[in-house]
Amino acid sequence: MEMTSSTMVTSKEMTWLITGITCQKCVRLITEALQESNGVEQVLVSKELSTASARLKPGFESVDLLVGAIEELVNGKFKATQVDPKPVALKVDIDAVLEEEIFIQQLKNNIGILDASVDYAPTPFVEVTYNSLALNPEQVKEIINNNVENLEDDEILLKTATINIHGMTCNSCVNNIEKNIQTKLGIEHIKVDLEAGSAVVTYNSNLTAPDLIAADIQDVNPAKFSASVGISNKTCYFDLSKPLEEGCLQQITNLPGVINCEVTKLNKMVKVDLNPNVVTESDVCDVINSCDTSYKAKLVNTPNDDLVKVEIEKDLSKAVDDLDYSKCYLHVSGMTCASCVAAIEKHVSRIPGVRSVLVALIAAKAEIDYAPKLTQPHELAESITQLGFPTTVIQKAIEGEVDVNISGMTCSSCVHLIESSLVKIPGIDTAVVTLNLNKGKIKFNATKLGPRDVVEAINDLGFTATLASSSDKPDYLEHREEIRKWRSSFLISLIFGLPCMLIMTYFMVEMAKSDHHHSDDCCFMNIPGLSLENTLLFLLSTPVQFIGGKHFYIQAWAAVKHGTTNMDVLIVLATTISYLYSCCVVVASMAMGEDTSPMTFFDTPPMLLVFISLGRWLEHIAKAKTSDALAKLMSLKATEAVLVTLGSEGQVVTEKNICVDLVHRGDILKVVPGAKVPVDGLVIDGESTCDESLITGESMPVRKVKDCPVIGGSINQNGVLLVQATHVGEDTALCQIVRLVEEAQTSKAPIQQLADRIAGYFVPIVVGCSSTTLIVWVIIGYTNNAYLPVSPMEREGFNTAEITWQFAFRMALTVLAIACPCSLGLATPTAVMVGTGVGASNGILIKGAEPLENAHKVTAVVFDKTGTITHGVPSVARVCIMEEGYDSVGRSLATLLAIAASAESSSEHPLATAIVKFGKEVLGLQQVTGKAADFQVVPGCGLRARVSCVDTMVEKGTRGEGVGRYVSWREKVGAEGEMELSGAQIDCSVTRQGQFIPIARGDSLIDLQGEERGTAERDIAYNVLVGNREWMVRNGVEIWGQVETKMEREEEMGRTAVVLAVEGRVMMVLGVADTVKPEASLTVYALKKAGLEVMLLTGDNKKTAAAIARQCGISRVYAEVLPSHKVAKIKQLQEKGHKVAMVGDGVNDSPALAQADIGIAIGSGTDVAVEAADVVLIRNDLLDVVACLDLSKKTVRRIWCNFLFASVYNLVGIPVAAGVFSPWNFKLQPWMGSAAMALSSVSVVVSSLCLKLYKKPVRATLETVEYLKAMQAMSELDAVSIHDGKEDFGVSFKKSKSKSLLRFGIEKTPSPKMGHLLAEEEDSDDDAMKTSRM
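Calculation rules
Residues numbered from 1 in each chain as written. Predicted model: local features only at pLDDT ≥ 70, side-chain atom pairs only at ≥ 80, totals over all residues. Heavy atoms only, no water. Phe/Tyr/Trp six-rings, centres within 6.5 Å; stacked < 30°, edge-to-face > 60°. Helix = DSSP H or I, 4+ residues; strand = E, 2+ residues; numbered from the N terminus. Buried < 20%, exposed > 50% of the residue type's maximum accessible area, 1.4 Å probe, protein only. Pairing = 2+ DSSP bridges. Axes fitted to C-alpha atoms, helices over the stretch in contact; angles between N-to-C directions. Contact = heavy atoms within 4.5 Å. Core = buried A, V, L, I, M, F, W, Y, C linked by side-chain atoms within 4.5 Å. Parallel < 35°, antiparallel > 145°, perpendicular 65-115°, else oblique. Left-handed = near helix turned anticlockwise from the far one by under 90°. Nonpolar A, V, L, I, M, F, W, Y, C, P; charged D, E, K, R; others polar. Patch = residues over 30% accessible without salt bridge, like charges linked within 9 Å, V, L, I, M, F, W, Y side chains within 5 Å. Areas by Shrake-Rupley, 256 points an atom, 1.4 Å probe, with all protein chains shown as cover. Salt bridge = Lys/Arg side-chain N within 4 Å of Asp/Glu carboxyl O. Disulfide = S-S within 2.5 Å.

Considering the packing of aromatic side chains
Next up, step 1: The final tally for this structure, using the stated rule, is six aromatic pairs.
Next up, step 2: Summarising the aromatic geometry, the rings of Phe-538 and Tyr-579 are spaced 6.3 Å apart at their centres and angled 15° between planes, so their arrangement reads as stacked. Of this pair, Phe-538 sits in helix H16 (residues 532-548) while Tyr-579 sits in helix H18 (residues 567-592); the two residues are 41 residues apart in sequence, bridging distant segments of the chain.
Next up, step 3: Under the relative-accessibility criterion, Tyr-579 is labelled buried at 7%.
Next up, step 4: Summarising the aromatic geometry, the rings of Phe-546 and Tyr-579 are spaced 5.6 Å apart at their centres and angled 90° between planes, so their arrangement reads as edge-to-face. Placement of the pair is Phe-546 in helix H16 and Tyr-579 in helix H18, with a sequence separation of 33 residues.
Next up, step 5: By the ring-pair criterion, three or more aromatic residues cluster together here, those being Phe-538, Phe-546, Tyr-553 and Tyr-579.

A closer look at the sheet that holds strand S8 (residues 125-131)
Next up, step 1: Spatial strand order, S6-S8-S7: three strands in an open sheet with antiparallel pairing. Each edge of the sheet is formed by a strand with only one pairing partner; in this case those strands are strand S6 (87-93) and strand S7 (113-119). The average angle at which neighbouring strand axes cross in this sheet is 15°, direction not considered.
Next up, step 2: The pairing of S7 with S8 spans six bridges and is classified as antiparallel. Pairing of Asp-119 across the sheet is with Phe-125, part of S8.
Next up, step 3: Against the sheet, helix H3 (residues 100-108) contacts S7 and S8, and its axis sits at roughly 160° relative to S7.

Some thoughts on the sheet that holds strand S49 (residues 1065-1073)
Next up, step 1: On the basis of which strands lie adjacent, the open sheet formed by eight strands has the order S39-S40-S47-S48-S49-S37-S42-S41 and mixed pairing. Among the strands making up the open sheet, the edge pair consists of strand S39 (931-938) and strand S41 (978-981). Neighbour-to-neighbour, the strand axes of the sheet open up by a mean angle of 20°, direction not taken into account.
Next up, step 2: Across four bridges, S41 lies against strand S42 (residues 984-987) in antiparallel orientation. Across the sheet, residue Glu-980 finds its bridge partner in S42, namely Gln-985.
Next up, step 3: Helix-sheet contacts for helix H29 (residues 889-904) involve strand S37 (875-881), S39, strand S40 (942-948), S41, strand S47 (1021-1027), strand S48 (1056-1062) and S49, and the interaxial angle to S47 is about 70°.

Examining the nonpolar core
Next up, step 1: Membership of the largest hydrophobic core comes to 52 residues, with the highest contact counts inside it found for Val-861, Phe-863, Ile-869, Leu-1087, Ile-1114, Ile-1160 and Val-1175.
Next up, step 2: Looking at which element gives the most residues to this core, the answer is helix H39 (residues 1183-1217), with eight residues.
Next up, step 3: With residues near it in sequence (within four places) discarded, Ile-1160 still touches Ala-1141, Met-1142, Val-1143, Gly-1144, Leu-1153, Ala-1173, Val-1175, Leu-1177, Val-1185 and Cys-1188.
Next up, step 4: Judged by nonpolar contacts, the second largest core, of 47 residues, contains Val-876, Leu-943, Met-979 and Val-1058.

Topic: the side chain of Asn-534
Next up, step 1: By the element assignment, Asn-534 lies in helix H16.
Next up, step 2: For Asn-534, a relative accessible area of 4% puts it in the buried group.
Next up, step 3: The contacts of Asn-534, once residues within four sequence positions are left out, are Val-586, Ser-597, Pro-598, Thr-600 and Phe-602.

A look at the pairing of strand S53 (residues 1158-1162)
Next up, step 1: Along S53, five of the five residues are buried, which leaves the element largely enclosed by surrounding structure.
Next up, step 2: Here S53 shows two buried faces, one formed by Ile-1158, Ile-1160 and Ile-1162 and the other by Gly-1159 and Ala-1161.
Next up, step 3: As defined by bridge partners, strand S52 (residues 1140-1144) adjoins S53 across four bridges and the pair is classed as parallel. Considered in S53, the bridge of Met-1142 is made with Gly-1159.
Next up, step 4: Here S53 runs beside strand S54 (residues 1175-1177); their pairing, made up of three bridges, is parallel. Among the inter-strand pairings, Ile-1160 is bridged to a residue of S54, identified as Val-1175.

Some words on the packing of H29 against helix H32 (residues 961-973)
Next up, step 1: Remark: H29 packs on H32, axes separated minimally by 9 Å, with the N-to-C direction vectors making an angle of 135°. By the angle class used here, H29 and H32 are oblique. Like other packed secondary-structure pairs, H29 and H32 cross with a definite hand, here right-handed. Between H29 and H32, the contacting residues are Val-889, Gly-890, Leu-893 and Ala-894 on the first element and Val-963, Tyr-966, Val-967 and Arg-970 on the second.
Next up, step 2: Considering only residue class, the contact of H29 with H32 consists of six nonpolar, one polar and one charged.

Digging into a nonpolar patch on the surface
Next up, step 1: A contiguous nonpolar surface patch, about 310 Å² in accessible area, is contributed by Leu-532, Leu-536, Phe-538 and Leu-539.
Next up, step 2: With a relative accessible area of 33%, Phe-538 lands in the partly exposed category.

Description of the pattern of salt bridges
Any two side chains of opposite charge can pair, so long as their charged atoms come close to each other.
Next up, step 1: According to the stated counting rule, one finds 30 salt bridges in the structure shown.
Next up, step 2: Salt-bridge contacts for Asp-667 lead to Arg-452; the nearest nitrogen and oxygen are separated by 2.6 Å. Placement of Asp-667 in the loop between strand S27 (652-659) and strand S28 (668-671) and of Arg-452 in helix H13 (residues 451-460) is noted, with a sequence separation of 215 residues between them.
Next up, step 3: Asp-667 sits in the buried class, given a relative accessible area of 10%.
Next up, step 4: Taking relative accessible area as the criterion, Arg-452 reaches 10% and is therefore assigned buried.
Next up, step 5: Arg-992 is the partner of Glu-883 in a salt bridge, and the nearest nitrogen-oxygen pair spans 3.3 Å. A residue pair is termed long-range when its members are at least 10 positions apart, and Glu-883 in strand S38 (residues 883-884) and Arg-992 in strand S43 (residues 992-993) qualify at 109 residues.
Next up, step 6: The class for Glu-883 is buried, based on a relative accessible area of 4%.
Next up, step 7: Classification of Arg-992 by relative accessible area gives partly exposed; the value is 38%.
Next up, step 8: Linked by salt bridges that have partners in common, Arg-878, Glu-978, Arg-1049, Glu-1050 and Arg-1055 make up one network.

With respect to the packing of H29 against helix H30 (residues 910-923)
Next up, step 1: Where H29 meets H30, the axes come as close as 8 Å, and the angle between the chain directions of the two elements is 140°. You can see that H29 and H30 cross each other, and the crossing is left-handed. Only Ala-912, Ile-915, Val-916, Phe-918, Val-922 and Leu-923 of H30 make contact with H29, whose side of the interface consists of Ala-894, Leu-897, Ala-898, Ala-900, Ala-901 and Glu-904.
Next up, step 2: Classifying every residue of the contact of H29 with H30 gives eleven nonpolar, no polar and one charged.

A look at the state of the cysteines
Next up, step 1: On inspection of all chains with the given rule, the structure shows zero disulfides.
Next up, step 2: Take Cys-173: it sits in no disulfide, and the sulfur closest to it among the cysteines is that of Cys-170, at 4.0 Å.
Next up, step 3: Here Cys-880 stays free of any disulfide, with the sulfur of Cys-988 as its closest cysteine sulfur at 8.8 Å.
Next up, step 4: Residue classification places Cys-880 among the buried residues on the basis of a relative accessible area of 1%.

Here's what the structure looks like:
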C-alpha cells in the first residue's frame, strides 16, 4: 500500500517484512543496500520488528530492484516480502507549542509517521498515527520529544519594558507584585523598584506585551495599584581611557535599571541600555569610575568604534576548549537513593561553566569539573542546597598526584629525560624523579589526565613504570608490626627470664633446708654482702630491664611528657622500682661489709615483662582476629583489570591487563568468568551472574544483563561481561563500605566513655594504692613486726627493719603489677570492632558504636510502607480466571495473558506495566510480540484495542515452565485452592469452562485454544477491553455476580481490580497492587515476640493501609501522614518515653530516620540512605531489621560482660595484691600479679571474639511452629486499628478477639512502658476503621 507523504505529495513509503535479520550488522547491510539507490530518500530498518521501510522519491517505480538488492545480500540470507503499513494511533502529552504547523510538518518528515495533529483539550497533546511495522511507541515518543525540544531551542525573542506602578507603599507590595507576575505566561524576569515606582520586566514578545503586563500588575490589587507602560529604554555611550575589565562590566550589569551592557572591540567604549526612571547616566559613570578612577568615564553622543556585543557567560560557555577547568568536591547531605543522585547531576550539569559532575551516593560527595571564570564551588554548593540537599565545599581544585616506581634509569640523563618529557605533556604540572630511589612524584591536572596516562608516558620513553603502593591498611588491620614487636620483646624477656625463674627456684629449695643459713650464700668472690644468687639475677635482669622493656619505657615517657598516664607507666614504675631498690640494697650491703646478702627483687622485672609481653603479644593476635571482617572486605578489591577498546560495531578490538589503580572513569573493562569485578560500573554487553555475598550479604548469585550495575569486588560466575567504569579508586562502593566500617570500629560507645573516665584516674589511684600499701605495712612492721605475715624462713638472717621493708615493697610492687586499666579499655572497643565486622559480613552496616549500643534499647519500631514493607512498585498480586476453554487449561491461560500483555504494552500506566511484566514472566518472554490496533485509552477508566499476532507468544508460553506448573497444579487439584505463579496467586475457584468466545461483529467465532472457524489462523484478532468496573459497564460488558465478588475482595485488600474482557465477556480479574514483601509478616512477628511495639506510618489512604497491615500483621497503623509530619509522629512517640527505631527506604523519610533514636535505611546494592540513617541494610531484606536489633543486644551484652569482668578483676585483684588477705596466708608475688594482669587483657579480647560465632536470625530459625499457627489464624482477624495521620494520636485501640498473629503480638508481649502505645487522654473512636474479614 502506498502512503502519501506530508512532505511531498507524490512521495510514497514502502515496507517489507525481512526474514533472516539477526544482528545490527544485518541492519547496517540492508540500510546501505537501500541507500545506494538514487530513488530512495529515507531508510529505516528494525531488527526487533524484522522490517525495512523506505521513503521513495517522486516517480520512482523500480520497487523490484530494491527487493532484489536486499535478497542478494549475504548469499541470499534475507527474504523480503512487501506488506501494507499497520497504522496505530498514539497520544502523547506535550507542552504548548507556538509553531503548531511547523511542529506537525517536522513530525511528518520522519519515516513511519503517517499523520499527526495537536489538540489542547483538556491539556495539550499530540495524536500521531504511525506505521507499527516501522516504529514502536518508544521511537515515536522520542521523535515527538526531539521535535518539541528543537522548537524550544529556537531563539526566543526577549524584550524589556518599564512599567510605571502607583500605589506601592512598602516592600510587601514589591514582593506581592513580583510573586504574582513572575508566574504569568511569557514573563522571564521582573524587578520592582519601590523608590522609583516602577518595574523592569523581561518578557517573551511572542507570548505577551507591555500593556498586558501592566494590566496583570493592576489585577494584583485593583483597589490599590495602577500601572501603565513607561517610557522606552535609553541607550547611552561612555568613553573610557583604558579597556574595561570584566569585573567592572559585571558591576555595571548589576546596577538597578541597567538592562544591557556592551563593549567595543578595544573595550574602551561602553554601550548601556538603561531605564531612565530607575538609573541615570551619571550613576553609571560613578559606578565605572568607582571600579578604577583611571577609567575616567565620560558620556558621549555617538560611538566612534564598531560595537561588539559580549555575552560573557554564553560566549565563555561556547569556548569550552579555551577554558581552564578545575575540580572541586562537595559534601552533599540528604541523598537517599539513585533518583536523588540523578536529580543533582542533572541540575548541576545545567549550570554554566560545569563540564562534568559525578555524585557518589554512599560517599555523600559530588565531584565537579568547573570553569572558575564562570562559577565557583560555593556557588555550586548553594545551588545544590536550594535544590533541597544541604551542601558544603570539601576542598577546592585539588591536584592529582601519583608516586611511581621507575626501573631502567642509569644516570642523571635518564632523570632529566623523564622530567623534561613529562612536563611537556599538557596537564602535567610538575615531575620530580629521584635516581637513587628509582621513584618519581608527578603532579597533574586530574581533569585532563589520570594515573594510567602518566605511567604510559614514562613507559613510552623506554623505562618501566609502575604505581607505588601506598596502602598499608592490610598490615595495620592484621597488627603485623605490633605482633612482631611484642613477640620480640617476649622472646628477649623469656631468654633471660627463664633462667631467673630456675635460679630463684633453686635457691628457694636450698634455703628451705633445715641446715641452711643465709650467711652460707655470702660472700661471692669474697665480696661482703654479695651473694651468687643476687649476682646471677642482676646479670640476667639488666638486659631484660633495658632491652626487653624498651617499648614500655618509650611509651611511658611519651605519656608522662604529655601530662598523662597509662598502663606502661605502671609497668615501668613496678620494674624500675624493684630493679633500683634491689641494686641499692645490694650496694648498701656491700658497702657496709655485711656477712649476708639482702633479699632483692631482681627476679621481678624479667618475670613481670615475660608475662606482660606475652599478654600483649596474644592480645594483638586476638585484636587482628577482631578486624577479620574488615580485612576480608579489603581483600575483595581486585588487583588487575582487563582494559578493552571497542570497534564501531561493539566488537573487542584490543585487550590489555592493567593495575586496577590505573582504571579511569569511563573505561571499558572485560570481566571473564571467575574473575573479580574491578570497579563499580554498568554492564554494556553480556549476561552473567555475580556473587555479591561478601559485600551485600546476599547468598544467591545476582543476575546481570545490559544496563545492570555491578559492584567492584563481586565475583563474576558464568559469563563474559563488558563493564563501563562509573566509580573508581576510593569512590567505589566497596571502599565506601570499608570506610564506614572503619569509622564504626574506631568510634566510641557511650559506655566506653565511662571506661575512659575511669582509666584516666586509674593510674594515679593505683600508684596511690601502692604507696598506701607500702606505708601501711611499714607502719605495721615497725609497730609490731610479728603482725607481718612473713614465714620464719624469710625472717632468718634479717633484722626487723629489713623484714618490714622487704615485705612492704613486695606488696606495693604486686599492687603495681596486678592493676590493669587495659582490660577496662579493651572491654568496649574490641566488642564493637567484632560486632560491626560481623554486621558488615551479614550486610548490616552499623555507623558507629553508639547506634550499636542504643539499638538494643528500642521499644517501638515504626515502618514506612512504600518500598519498605512493600516492594515499592505495582505488581500483579492475584489472578482470578473467570472463563477458559474445555480442551487445554494451559493454552487458555497463555492466550489470556498474551492478549492482556499485548493490549497493555502500548500503555505507560504503572498498572499496565505490572500486567505486561507478569505476562512476560509467566510466558517466559523477553518482549511482547502481539499487535494492538485501534488502541484507545480513557484516563481513569481503561483501554480498548484490537489484539492480534499473539500466536507466537501463546506457543512459547505453553511450552514454558510457568504454564507447565499451572497445568500440573490444575491436573492435581482441579479448581480448588490457589497456587503461586510469578509472585501472584492464581484463583480458579469460579472458573467457567466454555468452548467459544463470540466475536462482537458476529461474523465468526474464535476458540480460546487458538482455532478459528471460517478464518485462517494468522488472521485471528480479539476485541479487548481492559479496565475498571465503570469501563466495562460503559462498553456494555456484563459484570455478573461472581466477578463482582472477586473485584470487591481485591478492593478490600487495597488492590486495584483490573478486568480483562474479550469479545464482550469477562475472562479474567487481576488484582494489582504494591505487594507486601514475603518476609514482612515474619519480621513483624519476630519483633513482637521480642516485646517491641510495631507500627506502620504511611501517607497512603486508610483502606490500602488497612489491607497492608492485615497482610503483614501490624495492628496499629497511622495513615495519610504527610512526609513532613512523619518527624512529628516520631517526636510524639519519644515524648511518651519510647526509644524509636524508624525503618524506611530513605526516599521521603530521611528526616524521620534522622529524628528516630535509631534510623534504619533499607535498600538494595548501593542505593542506600547513608546520610540520614544510623544503620544501613545493604540487602533489601526486612529480616535484617530483626538481625540488627539482635546483634546489638548480643554485642551490648558482651560489652557489659567484659566491663564487669574487668571491673571485678581490679576490684578484687588490687586488695589481694595489697596483702589484705595475707593474714590467712593468701598473698601474691609480683610475678603472679603480672601474670594475672596479662591474663585479664587476653581474656577480655577472647571474650569479644566469641561474637564471631554469632549467627543472625534467618527465615529457617524464625519460622517456628508457633509462627505458622499464628499465620493460619490470620484469617480470623476482624479489626485493625487505623488512625488518621492528619489528627492527633489520641485513638482507642480495638483489639481482635481472635487467636491471630496480631493478638499474639499484643497480648503476650505488652509494651514495656504502657498498655497502649501512644494512648493519650483525648481518645476518639471515630478514627478507628474496621475492616471486613479476609
